[in-house]
Amino acid sequence: DQQVKQNSPSLSVQEGRISILNCDYTNSMFDYFLWYKKYPAEGPTFLISISSIKDKNEDGRFTVFLNKSAKHLSLHIVPSQPGDSAVYFCAALNTGNQFYFGTGTSLTVIP
Amino acid sequence: DVKVTQSSRYLVKRTGEKVFLECVQDMDHENMFWYRQDPGLGLRLIYFSYDVKMKEKGDIPEGYSVSREKKERFSLILESASTNQTSMYLCASSSRRGQALNQPQHFGDGTRLSIL
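Residues numbered from 1 in each chain as written. Chains lettered and ligands numbered in written order. Predicted model: local features only at pLDDT ≥ 70, side-chain atom pairs only at ≥ 80, totals over all residues. Heavy atoms only, no water.

Draft legend 1. Layout of the state of the cysteines. Scanning the model with the defined rule gives 2 disulfides over all chains in all. A sulfur-sulfur separation of 1.9 Å characterises the disulfide bridge that pairs A:Cys23 with A:Cys90. Taking the sign of the S-S torsion, about 65 degrees here, the bridge from A:Cys23 to A:Cys90 comes out right-handed. Linking A:Cys23 in strand β3 (residues 19-25) with A:Cys90 in strand β9 (residues 86-93), this pair joins segments that are 67 residues apart in sequence. The pair formed by A:Cys23 and A:Cys90 is uniform in burial state, with each residue classed as buried. A disulfide bridge connects B:Cys23 with B:Cys91, and the sulfur atoms are separated by 1.9 Å. (Disulfide = S-S within 2.5 Å. Helix = DSSP H or I, 4+ residues; strand = E, 2+ residues; numbered from the N terminus. Buried < 20%, exposed > 50% of the residue type's maximum accessible area, 1.4 Å probe, protein only.)

Rendered as structure tokens:
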């Protein structure tokens, strides 16, 4: 049973525009959420995170929004750059130590 | 910087062989994880360990075992490799919750394993 879902397998965006990647979760016990970026033949690298006590966290071009009532989070990349083309995974953590990952969204930024 | 090192980037083995994938981390993390990544399925947890000699099954433990004899090293073992175990295998580590502010997992570069 997938507790973290990314319903869009792929997304294409023009360079300079905003990329919005979405993620939904089902477990209300999750209290820490993360986004990872993965290039082919490399391991995922941590991008940005948010605690459940917040609804927004910003780091440069990357902003994560959390809507707890909807059990939804999103990653905004503004402006998008060709180097942002990668697979993005969202992940969630509950009170334990196990991370739950979505299936990933492949972002292509078109120059 | 956290370093998670997987012993091989690419590995080719034959059906029925016993396969060892090694992972070492240098940040004294308590938690270590093994995932496999397959197209359309994302990252699926095979096993994780929250302490030396401790292990917990993840979502897809069948056909795999693990060993954690030292804190920095976590090994994944394919007891008798099969073609459906061809995949990208990713090792990760993290600090234990409660001992630090929330910390992300850190991943190795992965091992692309092909079973012929």
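Right, picking up where we left off after that structure.
Draft legend 2. Seen up close, the sheet that holds strand β3 (residues 19-25) of chain B. Residues and elements named next belong to chain B. An order of β1-β3-β8-β7 is seen for the 4 strands of this open sheet, with the pairing classed as antiparallel. Because the sheet does not close on itself, it has two edges, and the strands there are β1 (4-6) and β7 (64-70). Within this sheet the neighbouring strands show an average axis-to-axis angle of 20 degrees, counted without direction. (Pairing = 2+ DSSP bridges. Axes fitted to C-alpha atoms, helices over the stretch in contact; angles between N-to-C directions.)

Draft legend 3. Broad picture of the nonpolar core. Formed by 24 residues in total, the largest nonpolar core has its most connected members in A:Val4, A:Phe33, A:Trp35, A:Leu73, A:Leu75 and A:Tyr88. Put simply, the parts of the chain that give this core at least two residues each are β3, β4 (32-38), β5 (45-51), β7 (62-67), β8 (72-77), β9 and β11 (105-110) of chain A. Element by element, the count of residues in this core is highest for β9(A), at 4 residues. Ignoring sequence-local partners within four residues, the contact set of A:Leu73 consists of A:Leu21, A:Asn22, A:Cys23, A:Tyr25, A:Phe33, A:Trp35, A:Val64, A:Phe65 and A:Leu66. Counting residues in hydrophobic clusters, the runner-up holds 20 residues, among them B:Val4, B:Tyr47, B:Tyr89 and B:Ile115. (Core = buried A, V, L, I, M, F, W, Y, C linked by side-chain atoms within 4.5 Å. Contact = heavy atoms within 4.5 Å.)

Draft legend 4. Summary view of unusual backbone geometry. Going from A:Val78 to A:Pro79, the amide bond is cis rather than trans, its omega being -15 degrees. With respect to the secondary-structure elements, A:Pro79 resides in the loop between β8 and β9. Non-glycine residue B:Asp28 carries a positive phi angle of around 60 degrees. Position of B:Asp28 among the secondary structure elements: in the loop between β3 and β4 (31-38). Taking relative accessible area as the criterion, B:Asp28 reaches 52% and is therefore assigned exposed. Of note in the backbone geometry, B:Lys53 takes a positive phi value of approximately 65 degrees without being a glycine. Position of B:Lys53 relative to the elements: it lies in the loop between β5 (42-49) and β6 (56-57). Of the residues examined, B:Lys53 reaches a relative accessible area of 58% and is grouped as exposed.

Draft legend 5. Molecular detail of the pattern of salt bridges. Residue and element names in this part refer to chain B. Throughout the structure, instances matching the rule amount to 9 salt bridges over all chains. Between arginine 9 and aspartate 109 there is a salt bridge, with its nearest N and O atoms 3.9 Å apart. With arginine 9 in the loop between β1 and β2 (10-13) and aspartate 109 in the loop between β10 (106-107) and β11 (111-115), the pair connects residues that are 100 residues apart, well separated along the chain. Under the relative-accessibility criterion, arginine 9 is labelled partly exposed at 36%. Residue aspartate 109 is classed as partly exposed on the basis of its relative accessible area of 36%. A salt bridge links lysine 71 to glutamate 30; the nearest nitrogen and oxygen atoms lie 3.9 Å apart. Here the residue lysine 71 occupies a position in the loop between β7 and β8 (73-78), and glutamate 30 occupies one in the loop between β3 and β4, the gap between them amounting to 41 residues. Under the relative-accessibility criterion, lysine 71 is labelled partly exposed at 25%. (Salt bridge = Lys/Arg side-chain N within 4 Å of Asp/Glu carboxyl O.)

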